[in-house]
Amino acid sequence: MKILAIETTCDETAAAVVASGPEVLSDVVYSQVSEHQPYGGVVPEIASRSHLEQLTCVIEDALQKASVTPEDLSAVAVAYRPGLIGALLVGVTTAKALAWSWNLPLIGVHHLEAHLESAFLAGEEIPPPYLGVVISGGHTDMHRVDGEGLTRWLGGTRDDALGEAFDKVAAILGLGYPGGPVVEKTALTGDPKAVRLPRTLLSRDSLDFSFSGIKTAVLYKWRGINAIHEHRAPDAPSPEDMCAGFQAAVFDVLAEKIRRACAQENISTVVLGGGVTANSALRSGLTERLGSRYRLVFPPPRFTTDNAAMIGARALRQFERGDFSDLELMAEAQP
Ligand code: KG4
Ligand code: ZN
């Protein structure tokens, strides 16, 4: 079985062909980063227009690289929520048109479920129950997963998502956009103990996150206590120490929340996914803090940020249990 999968929830235009296994036959991602860079963040209207311009070529490329024609396909899958509404509409409308014209079933996929599925693209089946942790630009969520369709939300961020906090810290320090990779790189030569930043854990047993306070702490340490100027205070720490201190603080918080969730749910396997799990320091930091007690499963690095291979992998499972959509499928922003 082969599925064509489409992903347009935010600023990556992506298509992939995924076969049972799951085996990724092709995986094409057009990144819009350079189009949004001048604005320091994703501009929704630019994202929608860019998807519209690129998607047909990206799909053709994915089919060609996989050496398949529409006759070889068993379904068309698309991420239909959550995301930017205009961006989602381009993918959903295209997928519906292709499914209708090729007479194939349509599979609507939840983008966050697909992020967790990306860990399985390493080829290993991980038996439930496990803790599913999505750490992306829009979400920081923990779920208990007991099997297909048996997922219970345990906690999430009350303010900024962790990827968003990386992006904002990079903006404060003037490191550019997108923030995650540049903060990771800058931290490499920094001292994680030089700048002490708050670890917000909320109440004793809370499984929620809050990252806005740490971001504000970075702002004050960088610009000075009055923070009225948009430039660095003369006595501010180095960007390297600041980034290393920020990462150490958020890894401590993540590790503690994962530990709490595992203890509460009596779970010993943790499956992670989402753009922030591209960060090697996060992988080693969490492994250092939790690896002796829990099994941590990360996606192959290339499937951490938005891609369509994870949408296809998720769709394969939905196909198996007959979870199809009809042509009434609507894009859902789900704010
Ligand atoms: O999963 P994703 O591609 O899109 C969403 O679903 O949100 O995640 C994008 C987020 C951005 O905030 C980006 O800064 C962050 O993932 N990110 C990283 C790294 N690479 C991407 N954060 C930390 N370290 C990285 N290496
Ligand atoms: Zn994503």
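Throughout what follows, the structure given in this document is the object of discussion. None of these values were measured; they are calculated from a predicted model.

Rules used in this analysis
Residues numbered from 1 in each chain as written. Chains lettered and ligands numbered in written order. Predicted model: local features only at pLDDT ≥ 70, side-chain atom pairs only at ≥ 80, totals over all residues. Heavy atoms only, no water. Near = heavy atom within 4 Å. Polar contact = N/O pair within 3.5 Å; in protein donor to acceptor, adjacent residues only side chain to side chain. Helix = DSSP H or I, 4+ residues; strand = E, 2+ residues; numbered from the N terminus. Nonpolar A, V, L, I, M, F, W, Y, C, P; charged D, E, K, R; others polar. Domains from an automatic or database assignment. Pairing = 2+ DSSP bridges. Axes fitted to C-alpha atoms, helices over the stretch in contact; angles between N-to-C directions. Contact = heavy atoms within 4.5 Å. 1 Å grid on protein atoms, 1.4 Å probe; cavity = no way out; pocket = protein on both sides within 12 Å on 5 of 7 lines; lining within 4 Å. Points joined across faces, edges and corners; volume = space filled by probe spheres on them. Expected span 1.5 Å × (residues − 1). Buried < 20%, exposed > 50% of the residue type's maximum accessible area, 1.4 Å probe, protein only. Salt bridge = Lys/Arg side-chain N within 4 Å of Asp/Glu carboxyl O.

1. What about the site of ligand 1?
Taken together, 19 residues are adjacent to ligand 1, and Gly137, Asp167, Glu184, Gly275 and Asn279 come closest. In the model, an oxygen atom of ligand 1 is placed 3.3 Å from a nitrogen or oxygen of the Gly138 main chain. Backbone polar atom of Gly180 to an oxygen atom of ligand 1: 3.1 Å apart, as the coordinates give it. Secondary-structure elements contributing two or more residues to the shell around ligand 1 are α4 (111-117), α5 (162-172) and α6 (179-187). Top element by residues in the shell around ligand 1 is α5. It accounts for four residues. Its residues assigned to classes, the shell around ligand 1 shows four nonpolar, 11 polar and four charged. Counting only domains with at least three residues in the shell around ligand 1, you end up with domain 1 (2-117 + 304-320) and domain 2 (126-302).

2. Here we look at the sheet that holds strand β2 (residues 12-19)
Ordered in space as β3-β2-β1-β4-β5, the five strands form an open sheet in which the pairing is mixed. Of all the strands in the sheet, just β3 (23-31) and β5 (106-110) have a single pairing partner and so form its edges. Taking the axes of each pair of neighbouring strands and ignoring which way they run, one obtains an average angle of 20° across the sheet. Examined bridge by bridge, β2 and β3 share eight bridges and lie antiparallel to one another. Across the sheet, Ala19 pairs through a bridge with Glu23, a residue of β3. Here helix α2 (residues 44-65) sits on the sheet and contacts β1 (2-7), β2 and β3; the angle it forms with β2, its principal contact strand, is near 25°.

3. A word on empty space enclosed by the protein
Under the defined criterion, the tally for this structure stands at one cavity of 30 Å³ or more. One number sums up the size of the largest cavity: a volume of about 30 Å³. Class assignment for the residues of the lining of the largest cavity results in six nonpolar, two polar and one charged.

4. Details of helix α7 (residues 212-223)
Side chains that are three or four residues apart share a direction in an α-helix, a result of its 3.6 residues per turn. Across its 12 residues, α7 extends 17 Å between first and last C-alpha, which sits within 8% of the 16 Å expected from 1.5 Å per residue. Those residues of α7 lying buried are Ile214, Lys215, Ala217, Val218, Leu219, Trp222 and Arg223. Against α5 and α8 (239-265) lie the buried residues of α7.

5. Describing the pattern of salt bridges
Applying the stated criterion across every chain yields a total of 23 salt bridges. Residues joined in a network through salt bridges with shared partners are Glu113, Glu117, Glu125, Glu148, Arg314, Arg317, Arg321 and Asp323.

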